[in-house]
Amino acid sequence: LKDAGNVYQVLPDHIQYLESLGNYVKVITTTDTIIVKSGLQEFLDQYHIDGLCRIHKSFAVHLKYITKMNHATVWIGQQELPIGRKYKEQIRRYF
C-alpha cells in the first residue's frame, strides 16, 4: 500500500477494517493506520481480499476480526462500526 511518499507491505490477513474518507481510504491493520488515495469500492475491487466484507457505504471489515455483532453494529475489538441497511443481509450470511 502507498500513502504520501511511503510504501507499506501489508499482509491482507492483517487488515482489520477499511473506512472511506471521500477520495481516500483509512486502512486499519493490526499494527498501523494507513491513509491511501482511493475510493472504498475502488480499493475493494483492486485488491480482492478474501474475508473483507462491505458493511456500510463507508466501511468494510475483515470477518475474522469481528468480536461482536447486533442488528445495527459490528465491533472490531472496542471499535464500533455501523451496519448499513443495504448490507445487513450480506453480513448476516457470514454469521
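Below is a summary of the structure that appears in this document. (Residues numbered from 1 in each chain as written. Predicted model: local features only at pLDDT ≥ 70, side-chain atom pairs only at ≥ 80, totals over all residues. Heavy atoms only, no water.)

1. Quick word on the pattern of salt bridges
With the rule as written, the count across this model stands at two salt bridges. Among the salt bridges present, the one from Glu19 reaches Lys26, with a minimum N-O distance of 3.6 Å. Accessibility expressed as a relative area gives 24% for Lys26, which makes it partly exposed. (Salt bridge = Lys/Arg side-chain N within 4 Å of Asp/Glu carboxyl O. Buried < 20%, exposed > 50% of the residue type's maximum accessible area, 1.4 Å probe, protein only.)

2. Structural notes on the sheet that holds strand E1 (residues 15-21)
Read from one edge to the other, the open sheet built from five strands follows the order E3-E2-E1-E5-E4, with strand pairing classed as antiparallel. The sheet terminates laterally at strand E3 (33-37) and strand E4 (52-56), the two strands that pair on one side only. Neighbour-to-neighbour, the strand axes of this sheet turn through a mean angle of 20°, independent of strand direction. For E1 and strand E2 (residues 24-29), the ladder comprises six bridges, and the chain directions are antiparallel. (Pairing = 2+ DSSP bridges. Helix = DSSP H or I, 4+ residues; strand = E, 2+ residues; numbered from the N terminus. Axes fitted to C-alpha atoms, helices over the stretch in contact; angles between N-to-C directions.)

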